[in-house]
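Residues per chain, in single letters:
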Amino acid sequence: LSPLISILSCLYPLYTDVSYGQDRQMIILLVGKLKVKAAIPILINLLEDEGVRLQAITALGDFKQENLRPYFERFQNSTHPGWRKYAKSALKKLNG
């Protein structure tokens, strides 16, 4: 798993490059599934990018870390149904 994490670390600049479109969404989801902790600060920053916000919420939720709760709470009452749904899902993971 370590070589894979190294490869994903090299892809960090792609997270913010909108020219990668759906590919960056998939990369963001992958780092969440693999729980690449080094990506957490980047994922938090990506919460400001509406193009990948849903994926960032989902990926952060995969870490199940209590210290991330405020980021999910921010979107739990959002008017955007996807952001709201995945923020609530992440909060449920924290609540056990």
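(A) Representation of the overall build of the protein chain in the model. When its secondary structure is counted, the protein chain shows seven helices and zero strands. Reading the secondary structure of the protein chain in the N-to-C direction produces α-α-α-α-α-α-α. Taken over C-alpha atoms, the radius of gyration comes to 13 Å for the protein chain, in line with the 12 Å a tight globule of 96 residues would show. The C-alpha extent of the protein chain, read off along each of the three principal axes, is 35 × 30 × 15 Å.

(B) Up close: helix α3 (residues 21-33). For α3, with 13 residues, the first-to-last C-alpha span of 19 Å sits near the 18 Å given by 1.5 Å per residue. What α3 keeps buried is the set R24, Q25, I27, I28, V31 and G32. Taken around the axis of α3, the buried residues stretch over an arc of 160 degrees, which confines them to a single face. Turned more than 90 degrees away from the buried face of α3 sit Q22 and K33, all of them exposed. K35 sits one or two residues past α3 and shows a positive phi near 55 degrees.

(C) Looking closely at unusual backbone geometry. Even without being a glycine, K35 presents a positive backbone phi close to 55 degrees. Its place among the elements puts K35 in the loop between α3 and α4 (40-46). One non-glycine residue, K64, adopts positive backbone phi at about 55 degrees. In this fold, K64 is placed in the loop between α5 (53-63) and α6 (69-73). Since its relative accessible area comes to 52%, K64 is described here as exposed.

(D) How the structure looks around the pattern of salt bridges. For the structure shown, the criterion picks out five salt bridges. Close ionic contact of R74 with E48 constitutes a salt bridge, the shortest N to O distance being 2.7 Å. Residue R74 is found in the loop between α6 and α7 (81-95), and its partner E48 is found in the loop between α4 and α5; the two are separated by 26 residues along the sequence. Taking relative accessible area as the criterion, E48 reaches 52% and is therefore assigned exposed.

(E) Molecular detail of the packing of α3 against α5. Put simply, α3 and α5 touch, their axes get as near as 7 Å, and they point 10 degrees apart. Judged by the inter-axis angle, α3 sits roughly parallel to α5. Contacts between α3 and α5 involve Q25, I28, L29, V31, G32 and K33 from the former and Q55, A56, T58, A59, D62 and F63 from the latter.

Thresholds applied
Residues numbered from 1 in each chain as written. Predicted model: local features only at pLDDT ≥ 70, side-chain atom pairs only at ≥ 80, totals over all residues. Heavy atoms only, no water. Helix = DSSP H or I, 4+ residues; strand = E, 2+ residues; numbered from the N terminus. Rg over C-alpha atoms; globule rule 2.2 N^0.38 Å. Expected span 1.5 Å × (residues − 1). Buried < 20%, exposed > 50% of the residue type's maximum accessible area, 1.4 Å probe, protein only. Arc of directions from axis to C-beta. Salt bridge = Lys/Arg side-chain N within 4 Å of Asp/Glu carboxyl O. Axes fitted to C-alpha atoms, helices over the stretch in contact; angles between N-to-C directions. Parallel < 35°, antiparallel > 145°, perpendicular 65-115°, else oblique. Contact = heavy atoms within 4.5 Å.

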